[in-house]
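Breakdown of the fold
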Amino acid sequence: MSFSLHGVRRSFDGRAGRVAALDGVSLDVAPGERLVVLGPSGAGKTTLFGVLNTTLRPTEGTVRFEGRDVSRLSQRALRATRRRIGTVFQQPRLVPSLTARQNALLGRVGHWSFANAVRAWVRPSPEDLERVDAALGAVGLLHRAAARGDELSGGEQQRVAIARVLVQEPTAVLADEPFSSLDPSLRESMSELLGVAAAGRTLVAVMHDVDFALRHFPRVVGLAAGRVLFDVPAAQVTPEMLAALYPREAPERRQVPEREWADAFACVR
Amino acid sequence: MTVSRSRAVLACCLLLAALAWAADGPLRLSTILLAALGWEADAPLRVSMIPTTDPSRMLRDAEPLVARLEKATGRTVSLTIPQNYAAVVEALVQGQVDVAHFGGFTFVQASKRAGAVPLVQRDRDREFHSKFITARDDVRSLGDLRGKRFAFGDVNSTSGHLMPAYFMREQGVDPTVVDRAIYTGAHDATALAVAERRVDAGALDEAVWERLTQEGKVDPTKVRVFWTTPPFVDYLWAARKELDPTVARKIADAFLALDPGKPEDRPILELLSARGRYVTVDAAAYAPLREAAVREGLLR
Amino acid sequence: MPSPACAEERTTPGPAASTRRSTNIPGLREAEPGRAAPAARALLRRRRVQLLLVGAFLAWSIAASDVSPGALVAPEALHGLGRLLRGMVPPDVSLGFLGVVAVAVGRTLAIGIAGTALAVLLAVPLGILATPRLFRPGALAAGRGPWAVVLFAAHLAARATLRVFRAVPDLLWALLFVVAVGLGPRAGALALGVSYAGVLGRVFADLLEDVEPSAAEALVASGGRRASLVLFALVPQALPGLVSYGLYSLECAIRSASVLGFVGAGGIGQEIQLSMRLFEYRQVSTLLLALLGLMLAGEAASRLLRRATRSVRVTGRPPLTGRGRKLVTLATLVAVVLSFRATELLGSADDGLLARMGRFAAQLFPPDLSLSFLAALREPLLQTLAVAGAGTLLGMVLAAALAPLASAGLMLRRPGAPGRPGVLDLLARLLHVTARSSLAVLRAIPELLWVLLCIVAVGFGPFAGVLALGLHTAGVLGRLWAEALDEAPADPVEVLEAAGASAPVWSLWGAWPQARPLVASYGLLRWEFNLRVSALVGFLGGGGLGLRLYNAIQLGFYDQVSTTVLLILGLVMLSDAVSDAVRRSWLAPATLRRDTARPVDSSLALQAGGLAA
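Residues numbered from 1 in each chain as written. Chains lettered and ligands numbered in written order. Predicted model: local features only at pLDDT ≥ 70, side-chain atom pairs only at ≥ 80, totals over all residues. Heavy atoms only, no water.

1. So, the overall build of chain B
What counts, and what does not: Secondary structure elements are defined from DSSP: runs of H or I of at least 4 residues count as helices, runs of E of at least 2 residues count as strands, and each element is numbered from the N terminus. Each residue's exposure class comes from its accessible area (1.4 Å probe, protein chains only) as a fraction of the maximum for that residue type: buried when under 20%, exposed when over 50%, partly exposed otherwise. Only heavy atoms matter for contacts: two residues are in contact if any of them lie within 4.5 Å across the pair. Working definition of accessibility: Shrake-Rupley area with a 1.4 Å probe, residue cover restricted to the visible protein chains.
Across its full length, chain B holds 12 helices and 11 strands. Expressed as a percentage of its 300 residues, the buried residues of chain B come to 54%. Long-range pairs, those at least 24 residues apart, make up 79% of the contacts in chain B with a sequence separation of at least 6. Entry remark: accessible area of chain B is about 13100 Å², with carbon and sulfur atoms responsible for 56%.

The following block contains the structure:
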């Protein structure tokens, strides 16, 4: 298994006492599998995301990544685990004063010792540079490599974020609402790029855009109030399921042909 | 929550207020108390001394002298010793002090600005010397001072600055030694700065040097005198021009009467580092000093 | 489709926001010269020249200030330090001396409070006069005719006055007031009042300039006169800002008050200077402890007072309301009145204060501009520059070493972070605590006290001044830099953490690039402040102009005093102009203005800038 969650519970101390953001979630994700987590806001998607990328420690239950219990790892081993998990956040989260090239280079941070990091500050290694240029080429941003992070447009920034994941060379990719900050017109091309980044890797995405999710992901997990409501192949998602997931505004499910999804991730297969 | 916070604020402010009062109050209170006890006679005689060493220690040590002056004049004597030499000159010029103990140069300044009246001085003050001291093996003569750090006392000191600087120039010492010298503010501070090697050499009052070595404050095996200046005229007691001449006379007489032969006078004389008796002052003897000060650019 | 995720966007700055912050110099890093715009190329060239000049200046300053690290470990230095430290224990806690300490602490507080209050009082009229929107020709409700010209002249004069008030270091003000009104706390309070009035007046003018204009425009439209405009439309809106800034500076003022004593302006500094000069080290250590306590108490008090002034944005805590507020106001008034009395500004038997100040001021003119005197000032002037340069450099080097250790984000494990805690965490925590407390001590001891301590180690001379400036600067900058690292926007940092970066690595690549502008800006501020101090350290034997100034004062050569003061003034203004130029070509617009340091730290930033707004 790539990810394996068992009985994961995570609670926060809020004003109204302890609130369980995740309330007993179990989930197995096979290597190379593509899965999307759907749910209304407050369902615990972001918490789940944090637990998956090992920055949040569950209150209860076990999280395994590639067979190893994450909560038992030493910090060094934990860092080694993290560099095998690539993350695309809702916002691109670039370092504004660094160039696009340097930002993409940051995918390598998990592989660096401090000495390497200092060396990379002065002059990155040729291998790293090669990776970075390949990644920037893959996302079509080589011509903007020298621009500062805060000079890039929103779409360009998100593309750099994807290049960063490519450079990281992880075995699994997590994406938290990766396109929600983008113009709708950009989403399709960006999802294509995400597909590039996740080629041959496990991909877990958290989304609220049901149509988009159903079009692009073969497996769909519905999360509500910190519990898994359903966990089925995309084709089996029914309007009733979605109605239960989004009680007030049940979106109508459109029939999505299998082929469209295959197109979007053509490069994957 | 709000109540306890406002209390904390109140407490803090009251504390601030109390501290501010404490800085102000006790001093006033003490004067009021003293006045109530009848200690404060009208118009005390105001005496001041240039701070050749630690002012608070000088104040303590001067108690027998103050008592003697009170006996001689029949008035209360209030002795103040400020932090620097210039303040004594300023106080006399402003009429805030009646009688003051000056160095030669400060007397020249005071008489130029307010016509101070010279009274008495120790016999040794007519032929006074400065000692040049060092703790370094490679300083044996004035010529060795080139490139070394040198210390004077107060900038207005005769034996701690004016005359040593004057003689250094006269002896052809590298002028940058004088230009780059630092000022410790007092003779004993110069001695200690030399002893602790914060400077390479320094110049100070011979009387203070004698006292420091006698008291063991400075180890003469480590710090040694490598040059002594030719004699010059120095310390004296002087009065404000407007002071009642009979009072001035009484003070002068009190000093002149001090006799090393009398056991009751000896502590006072020791305190004043006087080996012999007190003598009257010849104001004309200060002319060379004035000239030296002008030459050194210290007097205009 | 409605976006339920919007609520989760939190404080993440959108791309639009970050683009606005950019310096807009395409291709600046990894520049491809052929493609860079001409403006960018010119900027690059300017930066290169500036770097070269700054580097050359620093190299010269090290050479010119007799920096000799060997002197630090020479047997004499160790012996002197050993004697000092041995002499300092146990502290003198005799009842008599504790009384002296208590009075000194009280006086210091009184000087700080009275000085700040005086500054606010001076700042209101000067600030109003210095507000361009009120007096510039054609401004809001500007009059016509000769009267308007007179007022405009007064406006220009007020602005110039405020500038001079700010540019002359507070220590120099203290020195001048000591001569004018005599030794003691009165000189200190006056010095603080004038020097802080320069800052507060400028702040008030800026506040008045920025006040929401609709009320003012309405008044103008209804034919209101300028006086009523000021009274009813502008001042009420700007006054709370002034008061809260004044309270801000209180903590700073108390810090300054403890230092002014070194030049004879009363308070704890004067006692320390005295005990140090008399080699009474046990008294020094008692006074030192009292000083540390005073600094901590000052920080706590100003935090509390600030909360009373509704600046939630500033304190992050809810403001005081109702009764608490009234009590604070009342107690503040009482404290101010008592401080005025304690510093003999009020109810003093000795009058003729203004006459004495006038007489002194008259003696300052005309300045001595004779060639021989100016030539004599050349060397101390260069030495002052060198001490400031080398001292700032030393401070930056030390701060650069200590700041990462003092950064909580870098050194401390967050509670609840995943992964097993290890021995390294404990070690890191230990290092962190050590670094933080060393910075606190370095910071708490004022430069002038450091000078006295360094003289014990390395003897009199500019090197002692360099060490003193460097040590204190390290304390201030180290903390500011650590906070800049800790408060770098977290989003990019979290990305690096999620990608498996260790704390040193994400600090270097995530926090440092973001903190860089603030770090540079604090460094520059400190340079400006250090120049002001280095002009005075010579007073205590640390080299530079201070000694000349002191001797001129002692000899009563007031025309030389005024020449030296003018020289220091010119030097300070020149250095401020230079560092403004450096700022403009290196820092993003957001960090350009000196008063935009994050509000939470303004008290520290004030300290960093020495109120050099």
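2. Overview of the sheet that holds strand S6 (residues 85-88) of chain A
All names here are of chain A. Note the following rule: DSSP-based pairing: two strands are paired if at least 2 bridges between them are found. Note on definitions: angles span 0 to 180 degrees between N-to-C directions of axes, and those axes are lines fitted to C-alpha atoms, for helices only across the stretch in contact.
Pairing within the open sheet is mixed, and its six strands lie in the order S6-S7-S8-S3-S9-S10. Where the open sheet ends on each side, the last strands, each with one partner, are S6 and strand S10 (227-233). Averaged over all pairs of adjacent strands, the angle between strand axes in this sheet comes to 15 degrees, irrespective of strand direction. By the bridge criterion, five bridges tie strand S3 (residues 34-38) to strand S8 (residues 202-207) in an arrangement that is parallel. Its bridge partner lying in S8, Val37 is registered against Val206. Contacts between helix H6 (residues 154-168) and the sheet are confined to S6 and strand S7 (172-176), with S6 contributing the most and set at about 180 degrees to the helix.

3. Examining the sheet that holds strand S4 (residues 117-122) of chain B
Residues and elements named next belong to chain B. The strand order across the open sheet built from six strands is S2-S1-S3-S10-S4-S11, with neighbouring strands paired in mixed fashion. Single-partner strands in this sheet number two, and they are strand S2 (77-80) and strand S11 (278-280). Taking each pair of neighbouring strands and ignoring which way they run, the sheet shows an average axis angle of 25 degrees. Two elements, strand S1 (residues 45-49) and S2, share four bridges in a ladder whose sense is parallel. Within S2, the residue paired with Arg46 across the bridge is Ser78. Here helix H3 (residues 63-73) sits on the sheet and contacts S1, S2 and strand S10 (236-239); the angle it forms with S2, its principal contact strand, is near 145 degrees. Of the strands in this sheet, strand S3 (99-102), S4 and S10 are in contact with helix H5 (residues 104-114), which crosses S3 at around 135 degrees.

4. A word on the environment of Ile111 of chain C
Residue and element names in this part refer to chain C. Residue placement: Ile111 occurs in helix H5 (residues 95-129). Between the C-alpha atoms of Ile111 and Thr343, which are 232 residues apart in sequence, the distance is 6.3 Å. Setting aside residues up to four positions removed in sequence, Ile111 forms contacts with Pro185, Gly188, Ala189, Leu192, Ala257, Ala265, Gly266, Gly267 and Thr343.

5. Some thoughts on helix H12 (residues 268-277) of chain C
All names here are of chain C. H12 sits mainly inside the fold: seven of its 10 residues count as buried. Those residues of H12 not exposed but buried are Ile268, Gly269, Ile272, Gln273, Ser275, Met276 and Arg277. Taken from the residues just after H12, Phe279 is the one with a positive phi, measuring 65 degrees.

6. Section: the packing of helix H8 (residues 170-181) of chain C against helix H25 (residues 558-586) of chain C
Residue and element names in this part refer to chain C. Operational definition: Working rule for angles: under 35 degrees goes down as roughly parallel, over 145 as roughly antiparallel, 65 to 115 as roughly perpendicular, anything else as oblique. The handedness criterion is simple: a crossing whose near helix is rotated anticlockwise from the far helix by less than a right angle is left-handed, and one whose near helix is rotated clockwise is right-handed. Here the nonpolar group is Ala, Val, Leu, Ile, Met, Phe, Trp, Tyr, Cys and Pro; Asp, Glu, Lys and Arg are the charged ones; every other residue, Gly included, is treated as polar.
For the pair H8 and H25, interaxial distance at closest approach is 12 Å and the crossing angle is 165 degrees. As summarised for this structure, H8 and H25 are arranged roughly antiparallel, according to the angle between their axes. Relative to H25, H8 is oriented so that their crossing is left-handed. Seen from H8, the contacting residues are Leu172, Leu176 and Val179; seen from H25, they are Tyr558, Val561, Val565 and Ile568. Counted by class, the contact of H8 with H25 contains seven nonpolar, no polar and no charged residues.

7. So, the confidence of the model for chain A
Worth spelling out the cut-off: pLDDT expresses how confident the predictor is about each individual residue, on a scale running from 0 to 100.
Averaged over every residue, the pLDDT of chain A is 84; the share at 70 or more is 91%. pLDDT under 50 marks residues 250-269 of chain A. Its contacts with residues more than four places away, or in other chains, come to 31 contacts.

8. Details of the nonpolar core
For clarity, the cut-off: What makes a nonpolar core is a set of buried Ala, Val, Leu, Ile, Met, Phe, Trp, Tyr and Cys residues whose side-chain atoms join them at distances within 4.5 Å.
Ranked by internal contacts, the top residues of the largest apolar core, which has 154 residues, are Leu449, Leu549 and Val561 of chain C. Ranked by residue count, the leading element in this core is helix H11 (residues 226-260) of chain C, at 16 residues. Val561 of chain C has contacts with Leu176, Leu364, Leu549, Ala552 and Ile553 of chain C, leaving out every residue within four places of it along the chain. Formed by 91 residues, the second largest nonpolar core is a distinct cluster that contains Ala172, Leu174 and Leu242 of chain A together with Val505 of chain C.

9. Quick look at the pattern of salt bridges
Where side chains of opposite charge bring their charged atoms close, a pairing between them can arise. Put simply, the test is: One side-chain nitrogen of Lys or Arg within 4 Å of one carboxyl oxygen of Asp or Glu is enough to make a salt bridge.
Here the structure, examined in full by the defined rule, presents 46 salt bridges over all chains. Asp491 of chain C is paired through a salt bridge with Arg93 of chain A; the nearest N and O atoms lie 3.8 Å apart. Of this pair, Asp491 of chain C sits in helix H22 (residues 490-498) while Arg93 of chain A sits in the loop between S6 and helix H3 (100-105), which puts the two residues in different chains. For Arg93 of chain A, a relative accessible area of 10% gives the class buried. Salt bridges sharing partners connect three or more residues here, namely Arg57, Asp61, Arg211, Glu215 and Lys217 of chain B.

10. A closer look at helix H9 (residues 206-214) of chain B
Residues and elements named next belong to chain B. Which entries qualify depends on this criterion: Contacts described as polar in this section are N or O atom pairs within 3.5 Å, which, within protein, must combine one atom able to donate a hydrogen with one able to accept it, while residues neighboring in sequence count only if both atoms come from side chains.
Of all the positions in H9, only Glu206, Ala207, Val208, Trp209 and Leu212 are classed as buried. Looking at the buried residues of H9, the elements they touch are S4, strand S5 (130-134), helix H8 (187-195), strand S8 (201-205) and strand S9 (224-228). Near the N-terminus of H9, the side chain that reaches the backbone nitrogen of Ala207, with its oxygen 2.6 Å away, is that of Asp205. Directly after H9, the chain includes Gly216, whose backbone phi takes a positive value near 80 degrees.

11. A few points about the side chain of Ser562 of chain C
Topologically, Ser562 of chain C is positioned in helix H25. Once residues within four sequence positions are removed from consideration, Ser562 of chain C is found in contact with Leu364 and Pro367 of chain C.

12. Observations regarding the packing of aromatic side chains
Cut-off, in case you're wondering: Aromatic rings from Phe, Tyr and Trp, with only the six-membered ring used for Trp, were paired whenever their centres fell within 6.5 Å, and each pair was classed as stacked if the ring planes differed by under 30 degrees, edge-to-face if by over 60, and tilted otherwise.
Taken as a whole and judged by the stated rule, the model has 21 aromatic pairs over all chains. Judged by centre distance (4.9 Å) and plane angle (70 degrees), the rings of Trp121 of chain A and Trp509 of chain C are edge-to-face. Of this pair, Trp121 of chain A sits in helix H4 (residues 114-122) while Trp509 of chain C sits in helix H23 (residues 503-537), which puts the two residues in different chains. Accessibility expressed as a relative area gives 24% for Trp121 of chain A, which makes it partly exposed. Taken together, a centroid distance of 5.2 Å and an interplanar angle of 85 degrees make the contact between Phe360 of chain C and Tyr558 of chain C edge-to-face. Here the residue Phe360 of chain C occupies a position in helix H16 (residues 353-363), and Tyr558 of chain C occupies one in helix H25, the gap between them amounting to 198 residues.

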